[in-house]
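Below are the chains, spelled out letter by letter.
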Amino acid sequence: MTATTAPPVADLVGLAQLGTMPALARQLSGLAGCTTPIRLHGWRTEINESTGQVLHHLESAALPAGHLLVRCGNRRTTRCPSCAETYRRDTFHLITAGLTGGKGTPETVATHPRVFATFTAPSFGPVHNRPASGRCRCGIAHLADDPVLGSPLDPERYDYEAAVLWNAHAGKIWARFSIQLRREVAKRAGLTQREFRDFARISFGKVAEYQKRGAIHFHAVIRLDGPEGGSDLPPSWATAELLTDAIRAAAQRTSIPGPDLDGRAYVFGFGRQFDIRTIRSADFSGPVQITERAVAAYIAKYATKGAETATGALDRPVKFLSDIAYLDVPEHARRLIRTCWTLGRRPELAELRLRAWAHMLGFRGHFSTKTRRYSTTLGELRAARTAWRRAQTLERLHGPDAPAADETTLVLAHWVFAGTGLTRGERWLAAAVQPAPGTEGEPTRAQA
């Protein structure tokens, strides 16, 4: 056993002397591998309002760890692989439900016109890449893991200012596109925008991803529904071909005004490269372009990644200008971050909060979003998981006949933040009981 993996003997002896080692192992196993849990001090009591019976009472001081340990819930793999895995699986189920039904969405959505579209940023200058045929413009055939990929061929001529501002406006560009798309679909159906709402609805689920050059692009599942959403069949004129044509036109016509800096008036829109593919069912008898499961898995994968995919490891805000020089990131990412910091001092750009979002290269939008009627929500998936965990806790504490909480249950609770993370002994013990690879994020026991 190496020095880095040797057990902290003194810490473990101290835990053993408390006589709570087995119970602590059970509490830590409830974290399902979360490495930075939130520690809470307080209590929670559930009372049946009708009878006054105390259904369940929990004191944090009585728990083996001395606190209630709550999973951090961070979606980034660089911050907490376990919680990121849970987020990825939730996103997978959310996207899949909008493609094949389930989780409250009818299975008939599988018959609706659906496409998978990718929207890129415009060019801010030539960068090292791997073209489908031939070599990079620098004359080299780069390997897939070449760290130079995405960096400018000529950094001094690369438009860093426009690149950062495009990221900062990416969310607004998508919002304008979604409006333009409704116009384009309505036009092709021979309807006004007001009439369109009575015949059809556009639903989508999307994620944002960083390209190697540090620019945001979007992957989206876009679906044509009836006026009530996924539960309503679309009209007969709604086809994947019509939707594809409307998306292409909307993407080309989408633009928003940016700031006017030093006499340069910015206008932002999508890049010329975008891809639209019709989504087919896995059992589709014709030429399969892309399947539902492949789309859901692809989107879920990128829902757990942030700017660290472009910057190397930077997944926290930059606090001071002096920190930028010492960041362990590629020089291209460093210049993007420094550009955010420089532009962030300009009062006309104050609403963009570029310094606060410098670690995200200017992007401050949500990485995973959907329309209201696309499918279920992440909140509903988390609520179902929480209810299951509570039921498991009550059964473990009180047996299979434990009284269940219902609408007559009064919940009294008081929790205070007490810190984050685990002690050295807890970390070692948690690693010893962590789930097997591939099962992260799926607790096998309730934590309390």
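Here the structure is a predicted model, which means the values were calculated and not measured.

### Some details on the sheet that holds strand E9 (residues 274-278)
Strand order in the open sheet formed by five strands is E9-E4-E6-E5-E10, with antiparallel pairing between adjacent strands. Each end of this open sheet is capped by a strand with a single partner; those strands are E9 and strand E10 (368-370). The average angle at which neighbouring strand axes cross in this sheet is 15°, direction not considered. As paired strands, strand E5 (residues 201-210) and strand E6 (residues 216-225) are joined by 10 bridges and run antiparallel to one another. Bridging from a neighbouring strand, Phe 204 pairs with Ile 222 of E6. Across the face of the sheet, helix H6 (residues 240-253) comes into contact with strand E4 (114-119), E6 and E9 while running at roughly 170° to E9.

### Describing the confidence of the model for the protein chain
In this model, the protein chain carries an average pLDDT of 84, and 83% of its residues clear a pLDDT of 70 or more. With pLDDT under 50 throughout, residues 282-288 is counted as low confidence; its partners more than four residues away or in other chains account for four contacts.

### Section: the nonpolar core
Ranked by internal contacts, the top residues of the largest apolar core, which has 65 residues, are Phe 119, Phe 177 and Ile 222. Contributions of two or more residues to this core are made by E4, helix H4 (160-188), E5, E6, H6, strand E7 (256-261), strand E8 (264-268) and helix H9 (331-343). Ranked by the residues each element gives to this core, the list is headed by H4, at 14 residues. Leave out the neighbours within four places in its chain, and Phe 177 touches Phe 119, Ile 222, Ile 247, Ala 250, Ala 251, Thr 254 and Phe 270. Listed in part, the 15 residues of the second largest apolar core include Tyr 87, Val 207, Val 295 and Ala 300.

### Concerning the side chain of Asn 48
Looking at where Asn 48 falls in the secondary structure, it is placed in strand E1 (residues 38-48). Of the residues examined, Asn 48 reaches a relative accessible area of 15% and is grouped as buried. Reaching out from Asn 48, the side chain makes a polar contact with the backbone nitrogen of Ser 50 at a distance of 2.9 Å. Not counting chain neighbours up to four residues away, the residues in contact with Asn 48 comprise Gln 53, Leu 55 and Thr 408.

Conventions we followed
Residues numbered from 1 in each chain as written. Predicted model: local features only at pLDDT ≥ 70, side-chain atom pairs only at ≥ 80, totals over all residues. Heavy atoms only, no water. Pairing = 2+ DSSP bridges. Helix = DSSP H or I, 4+ residues; strand = E, 2+ residues; numbered from the N terminus. Axes fitted to C-alpha atoms, helices over the stretch in contact; angles between N-to-C directions. Contact = heavy atoms within 4.5 Å. pLDDT = per-residue confidence, 0-100. Core = buried A, V, L, I, M, F, W, Y, C linked by side-chain atoms within 4.5 Å. Buried < 20%, exposed > 50% of the residue type's maximum accessible area, 1.4 Å probe, protein only. Polar contact = N/O pair within 3.5 Å; in protein donor to acceptor, adjacent residues only side chain to side chain.

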